[in-house]
Amino acid sequence: MSLCPLCHSDNLACFHRDKHREYKICNRCQLVSVPDEYLLTPEAEKAFYDHHQNDSRDQGYRRFLGRTWLPLRERLTSDHRGLDFGCGPGPTISVMAGEVGITMENYDLYYFPDEQLLKQQYDFITMTEVIEHVADASALLKRLDAMMKPGTCLAIMTKRVLGEAAFANWHYKQDQTHIRFYSTATFEWIAKAFNWQLEVIDKDVVFFTKLGL
């Protein structure tokens, strides 16, 4: 029996099928997921990422990340320390942060795999175009929660599911490394489950703030 990778419910329904894969929706948390039999191997996944040409000097890439970074920066001071989780082969948000006197660490499963960074807590965490790649959504969010203090902001950039009709023609699902798709309803479920406050910032950006006990 297959379970939702986020909330572990077995109440899954067929959401869409194309020539490459099928997609299930969880009737509990609304996560849309690709069944595990369609997932790439870690080697194939890294080979795909190796073709990314992201560079901190690329102004277009900076503008893209700015949709997350600029509203986040307004909340930060030089005393805040952050983590770019899933920074990829060309860390950029940490460079942008450094330019305004804010310190960030870089972590990436394939390119900056320093596990010690995941045992610390941060004032803010960015995760831009990452969450849709991670198979074990539940474990990922629990790991992030452990790195968050009350008041920590988790800034997530990922395109959101807008419904079945839009999904059918959605270019975002064509990327074979995109395997978990979140909607506003899914993020609302996460906020309730983890005691985080949700803010929808942009069409592909949400902020979570960890609340106190």
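Check the entry above for the structure.
Residues numbered from 1 in each chain as written. Predicted model: local features only at pLDDT ≥ 70, side-chain atom pairs only at ≥ 80, totals over all residues. Heavy atoms only, no water.

Visitor: Describe the side chain of glutamate 132, listing the residues and the values that go with them.
Guide: Among the structural elements, glutamate 132 can be located in the loop between β6 (122-128) and α4 (137-146). Of the side chains with opposite charge, lysine 159 comes closest to the buried, unpaired glutamate 132, at an N-O distance of 9.1 Å. Within the structure, the side chain of glutamate 132 is placed 3.4 Å from the side chain of histidine 133, a separation counted as a polar contact. Look past the residues within four positions of glutamate 132 in its chain and what remains in contact with it is Met157, Thr158, Tyr172, Thr177, His178, Ile179 and Arg180. (Helix = DSSP H or I, 4+ residues; strand = E, 2+ residues; numbered from the N terminus. Buried < 20%, exposed > 50% of the residue type's maximum accessible area, 1.4 Å probe, protein only. Lys, Arg positive; Asp, Glu negative; His and termini not counted. Salt bridge = Lys/Arg side-chain N within 4 Å of Asp/Glu carboxyl O. Polar contact = N/O pair within 3.5 Å; in protein donor to acceptor, adjacent residues only side chain to side chain. Contact = heavy atoms within 4.5 Å.)

Visitor: Any chance you could break down the sheet that holds strand β9 (residues 196-202) for me, citing the residues and the numbers?
Guide: In any sheet, the strands associate via hydrogen bonds between backbone groups, in a parallel or an antiparallel arrangement. Strands sit in the order β5-β4-β6-β7-β10-β9 across an open sheet of six strands; the sheet is mixed. Each edge of the sheet is formed by a strand with only one pairing partner; in this case those strands are β5 (103-107) and β9. Averaged over all neighbouring strand pairs, the angle between strand axes comes to 20°, with direction disregarded. Summarising the sheet, strand β4 (residues 81-85) and β5 pair through five bridges and their orientation is parallel. In the sheet register, phenylalanine 85 faces β5, and the bridge partner there is tyrosine 107. Along the sheet, α4 makes contact with β4, β6, β7 (148-157), β9 and β10 (205-210), crossing β7 at roughly 135°. Taken strand by strand, helix α6 (residues 184-194) contacts β7, β9 and β10, and its axis lies near 155° from that of β9. (Pairing = 2+ DSSP bridges. Axes fitted to C-alpha atoms, helices over the stretch in contact; angles between N-to-C directions.)

Visitor: Quick rundown of the environment of leucine 211? Include the residues and the values.
Guide: For leucine 211, the location among the structural elements is in the segment after β10. Separated by 61 residues in the primary sequence, leucine 211 and proline 150 have C-alpha atoms spaced 5.2 Å apart. In this structure leucine 211 touches Pro150, Asn195, Trp196 and Gln197, once residues within four positions along its chain are discounted.

Visitor: Which residues make up the pairing of strand β1 (residues 12-17), and what values go with them?
Guide: Pairing between β1 and strand β2 (residues 22-26): five bridges, direction antiparallel. Across the sheet, the residue bridging to alanine 13 is isoleucine 25, located in β2.

Visitor: Go over the environment of arginine 160, please, and point to the residues and values.
Guide: Position of arginine 160 relative to the elements: it lies in the loop between β7 and α5 (164-168). Separated by 22 residues in the primary sequence, arginine 160 and tyrosine 182 have C-alpha atoms spaced 5.4 Å apart. With sequence-adjacent residues up to four places away left out, arginine 160 is seen in contact with Trp170, Tyr182, Ser183, Thr184, Phe187, Val200, Asp202, Lys203, Asp204, Val205 and Val206. A polar contact is formed between the side chain of arginine 160 and the backbone oxygen of lysine 203, at a distance of 3.3 Å.

Visitor: Quick rundown of the pairing of β4? Include the residues and the values.
Guide: Judged by how many residues are buried, β4 sits mostly within the fold: four of five residues are covered. At this point the chain moves from β4, through helix α3 (residues 93-98), to the parallel β5, and the crossover so formed is right-handed. Examined bridge by bridge, β4 and β6 share three bridges and lie parallel to one another. Pairing of glycine 82 across the sheet is with phenylalanine 124, part of β6. (Right-handed = clockwise from strand over helix to strand, strands pointing away.)

Visitor: Residue-level account of unusual backbone geometry, with values.
Guide: Of note, the phi angle at histidine 8 is positive, near 65°, even though the residue is not glycine. Summarising the element assignment, histidine 8 is placed in the segment before β1. The phi torsion at glutamate 129 lies on the positive side, around 55°, for a residue other than glycine. With respect to the secondary-structure elements, glutamate 129 resides in the loop between β6 and α4.

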